[in-house]
Amino acid sequence: MSKTLLSTTDLSVSYGAVKAVRGSNLVVKEGEVIALLGPNGAGKSSTLRALVGLIKSQGRIEFDGQDISNLPTERVVSMGLSLVPEGRRLFTNLTVRENLLLGAPRNAKVGDLFDDLLQRLPILKERLGQISGTLSGGEQQQVAVARALMSKPKLLLIDEPSLGLAPTIVDSVYQLLNDLKKTGLAMIIVEQEVMRVLKFADRAYAMSTGEVALEGSSEQLRNSDEIRKVYLGGA
Ligand SMILES: Nc1ncnc2c1ncn2[C@@H]1O[C@H](COP(=O)(O)OP(=O)(O)O)[C@@H](O)[C@H]1O
Ligand SMILES: [Mg+2]
């Protein structure tokens, strides 16, 4: 059995009186791809943001054998955990190159990082000088993923990669994710395109009002009546 890369124990997130995440226990093994499902407001983004220290959480988060609960984001990222945020959050007035540089750790050998990245994503080479806001939605998503790769993560957290993209473009985003999966990169993917992500991921968790309501292999969840009911409007 492969090693545990990330685990949460009783992870909770509150915004004042709102409990967004209520005691979730998640596990990601090395190289594993996890789908994190749930309707709007279920606590998926809050979970990802808590994992990288962007918001305060209760409970314990262990990554790569270390307690990372409430560590500053920069520390967490430097340890190999990186987030592609919902809505991509590129600086649209900056070039692709400048956006990528913002994902590089301080003191990094930027030249080496770029060489590495362009080997994995040769398509970016022609785009480095382009203003990010002039890229298509699919290309912006690729740049957002590439920016997160600049820190050489072991685990990539991706919040709604298909948001606002046409189905054929979503294909190309998943093609990129599939290339990354083959390199052994572990991922947690938050996704509304439930059947698509359940064909891609190894295992899945489904959240409902802050709690993990279901978990299992992707195949189990694809065949689950609850999943069909909630996401596909009837069994
Ligand atoms: N910055 C915030 N301040 C207050 N409440 C928030 C904030 N962000 C999210 N919430 C609330 O926390 C809950 C979970 O939100 P979120 O994690 O964004 O869910 P999801 O990503 O599953 O749609 C929702 O009830 C949402 O309204
Ligand atoms: Mg969200």
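Preceding this paragraph is the structure being described.
Position numbers for residues count from 1 along each chain, tracking the sequence in the order it is written. Chain letters start at A and ligand numbers start at 1, both assigned in the order the entries are written. At least 70 in pLDDT is required for a residue's local features to be given in this predicted model, at least 80 for side-chain atom pairs to be given and counted, and no such filter applies to totals for whole chains, interfaces and linings, which use all residues. Side-chain figures throughout are based on the complete set of non-hydrogen atoms in the structure, without hydrogens or water.

**Digging into helix α6 (residues 167–182)**
The following threshold applies: Runs of E in the DSSP output that reach at least two residues are strands. Runs of H or I that reach at least four are helices, and both are numbered from the N terminus. Here a helix's expected span is defined as the number of its residues, less one, multiplied by 1.5 Å. Only protein chains enter the area calculation, which uses a 1.4 Å probe; residues under 20% of their type maximum are buried, those over 50% are exposed, and those in between are partly exposed. Note that the arc is defined by the directions from the helix axis to the C-beta atoms. Residues count as neighbours in contact if any of their non-hydrogen atoms are within 4.5 Å of one another.
With 16 residues, α6 should reach 22 Å at 1.5 Å per residue; the first-to-last C-alpha distance of 22 Å fits that figure. Val170, Val173, Tyr174, Leu176, Leu177 and Leu180 are the residues of α6 that are buried. For α6, the buried positions fall inside an angular range of 150 degrees around the axis, keeping them on one side. In α6, the exposed positions that point more than 90 degrees away from the buried face belong to Thr168 and Lys182. Tucked into the core, α6 has its buried residues touching α4 (110–120), α5 (137–149), β8 (155–159), β9 (186–190) and α7 (194–200). In the stretch just after α6, Gly184 is the one whose phi turns positive, near 95 degrees.

**Comments concerning the site of ligand 1**
For clarity, the cut-off: In these notes, residues near a molecule or strand are those with any non-hydrogen atom within 4 Å of it. The term polar contact refers here to a pair of N or O atoms within 3.5 Å; inside protein, the definition further demands a hydrogen-donor-capable atom paired with an acceptor-capable atom, and it admits residues adjacent in sequence only when both atoms are side-chain atoms. Classification convention: Asp, Glu, Lys, Arg as charged; Ala, Val, Leu, Ile, Met, Phe, Trp, Tyr, Cys, Pro as nonpolar; all other residues, Gly among them, as polar.
Within the structure, ligand 1 sits among Tyr15, Ala20, Pro39, Asn40, Gly41, Ala42, Gly43, Lys44, Ser45 and Ser46. At 3.0 Å, a backbone N or O of Gly43 approaches an oxygen atom of ligand 1. At 2.5 Å, a side-chain N or O of Ser46 approaches an oxygen atom of ligand 1. Among the elements that line the shell around ligand 1, the one with the most residues is helix α1 (residues 44–51), at three residues. The class makeup of the residues in the shell around ligand 1 is four nonpolar, five polar and one charged.

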